[in-house]
Amino acid sequence: KSTITDINITIIIITIIMVKMNIRKNQEIFSLSYAKINLILNVESLLNSGYNKIRTLFSEIDLYDNLKYSLTKSKEIEVWSNIAELCGDKNLIYTIATYLKDKYGVDSGVKIELEKNIPLAAGLGGGSSNAANAIKTLNLLWALGLTNVEMHEVAAKFGSDLNFFLDGGTACGFNRGEVIERIEPIKLDKILLVKPSLGISSGEAYSLIKNRNTNRNFDKFLETKDLKLLKTGFYLLHSHNKTAYVL
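Everything in this summary refers to the structure shown in the same document. (Residues numbered from 1 in each chain as written. Predicted model: local features only at pLDDT ≥ 70, side-chain atom pairs only at ≥ 80, totals over all residues. Heavy atoms only, no water.)

## Considering the environment of Ile-135
Mapped onto the elements, Ile-135 comes out in helix H3 (residues 126-141). What makes Ile-135 buried here is its relative accessible area of 0%. A C-alpha to C-alpha distance of 9.6 Å links Ile-135 and Leu-162, two positions 27 residues apart in sequence. Those residues in contact with Ile-135 that sit more than four places away from it in its chain are Ile-96, Leu-100, Met-151, Val-154, Ala-155, Leu-162 and Leu-166. (Helix = DSSP H or I, 4+ residues; strand = E, 2+ residues; numbered from the N terminus. Buried < 20%, exposed > 50% of the residue type's maximum accessible area, 1.4 Å probe, protein only. Contact = heavy atoms within 4.5 Å.)

Laid out in structure tokens, this is it:
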């Protein structure tokens, strides 16, 4: 009997040690936040909300930012970056963290360090990717217990393509981009990604679109997954000596 009791006590002690080690281990989380490209972006019309109704094909690519999340004893939220304008409360990461902390009554603070590699204002979704990454990582770090559905509900409150980045991969985006339909990965042998020195925000690019219509080939693509159906050419958008190309 004493042997069995001793074994049970040993198991309990080992379990407590493992739990403490796991808590200590989870004080910090390192995470990669990937960029995306739109293999097609069909702007159909304007929604009553003022957003553009789109159909798009998102594809995650292997260009990424590095993020480090650390629990802190203070209750403050800190966001630091190698790019000065992304530090502090102007970053969407900060807004997301504040929302989750307030909504779920989190006691601990967090320090988030962002090493930015994805170019800004380039249509690569870096800010949205970082924000979606924050939702997923803080869910773990703060042990919020949010389901995938609940995380998607949070994401939809803060942007149009955050929902895509929660799962990544390849997917079609509908409505303003937040309605996601997963599809099988598309193999592209080569991608040449070029970022000029200028930058154009998504809002500015959308505001310059004059002709909104439905690309009928998109439905055929959903059936066949033939990328050739989505070759529709380029639109040139001019604003303040800037030029953007939209598929």
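## A few points about the pairing of strand E6 (residues 179-182)
Alignment of strand E5 (residues 170-174) against E6, held across four bridges, turns out to be antiparallel. Considered in E6, the bridge of Ala-171 is made with Arg-182. In this antiparallel pair of consecutive strands, E5 and E6, the connection spans four residues, and Asn-175 shows a positive phi of 60 degrees. (Pairing = 2+ DSSP bridges.)

## Comments concerning the side chain of Asn-139
By secondary structure assignment, the location of Asn-139 is in helix H3. Overall, Asn-139 belongs to the buried group, its relative accessible area being 9%. Setting aside anything within four residues of it in sequence, one finds Asn-139 in contact with Ala-134, Leu-144, Gly-145, Leu-146 and Met-151.

## A few points about the pattern of salt bridges
Applying the stated criterion to the full structure yields four salt bridges. Notably, a salt bridge pairs Arg-55 with Glu-44, separated by 3.4 Å at the nearest N-O pair. Residue Arg-55 is found in strand E2 (residues 52-72), and its partner Glu-44 is found in strand E1 (residues 28-46); the two are separated by 11 residues along the sequence. Glu-44 gets classed as buried once you look at its relative accessible area, which sits at 13%. Between Arg-176 and Glu-178 there is a salt bridge whose closest N-O contact spans 3.9 Å. By relative accessible area, which is 16% here, Glu-178 ends up buried. (Salt bridge = Lys/Arg side-chain N within 4 Å of Asp/Glu carboxyl O.)

## Remarks on a nonpolar patch on the surface
Where nonpolar side chains cluster on the molecular surface, the patch consists of Leu-188, Ile-191 and Leu-193 and spans about 250 Å² of accessible area. One can find Leu-193 in the loop between E6 and helix H6 (202-207). (Patch = residues over 30% accessible without salt bridge, like charges linked within 9 Å, V, L, I, M, F, W, Y side chains within 5 Å. Areas by Shrake-Rupley, 256 points an atom, 1.4 Å probe, with all protein chains shown as cover.)

## Let's talk about the pairing of strand E3 (residues 77-81)
Side chains Ile-77, Val-79 and Ser-81 project from E3 onto a buried face, and the interleaved Glu-78 and Trp-80 project onto a face without burial. Pairing between E3 and strand E4 (residues 109-115): five bridges, direction parallel. Considered in E4, the bridge of Val-79 is made with Ile-112. Considered for its hand, the β-α-β crossover made up of E3, helix H2 (residues 92-103) and E4 is left-handed. (Right-handed = clockwise from strand over helix to strand, strands pointing away.)

## Topic: unusual backbone geometry
The general pattern is negative phi for most residues beyond glycine and trans for most peptide bonds. Residues other than glycine seldom take positive phi values, yet Ala-143 does so here, at roughly 50 degrees. Following the sequence through the fold, Ala-143 ends up in the loop between H3 and helix H4 (148-158). Residue Asn-175 is not a glycine yet carries a positive backbone phi of 60 degrees. Relative to the helices and strands, Asn-175 is located in the loop between E5 and E6. In this structure Asn-175 comes out as partly exposed when scored by relative accessible area, which is 29%.

## Some points on the environment of Arg-182
Tracing the chain through its elements places Arg-182 in strand E6. Under the relative-accessibility criterion, Arg-182 is labelled partly exposed at 37%. As a C-alpha pair, Arg-182 and Gly-169 span 13 residues in sequence and 8.2 Å in three-dimensional space. Excluding residues within four positions of it along the chain, Arg-182 makes contact with Phe-164, Asp-167, Gly-168, Gly-169, Thr-170 and Ala-171.

## Topic: the packing of H2 against H3
At a minimum axis distance of 8 Å, the contact between H2 and H3 shows a crossing angle of 30 degrees. By the angle between their directions, the pair H2 and H3 is classed as roughly parallel. The handedness of the crossing between H2 and H3 comes out as right-handed. Where H2 abuts H3, its residues Leu-92, Ile-93, Ile-96, Ala-97 and Leu-100 lie against Gly-127, Asn-130, Ala-131, Ala-134, Ile-135 and Leu-138. For the contact of H2 with H3, the class distribution of residues is nine nonpolar, two polar and no charged. (Axes fitted to C-alpha atoms, helices over the stretch in contact; angles between N-to-C directions. Parallel < 35°, antiparallel > 145°, perpendicular 65-115°, else oblique. Left-handed = near helix turned anticlockwise from the far one by under 90°. Nonpolar A, V, L, I, M, F, W, Y, C, P; charged D, E, K, R; others polar.)

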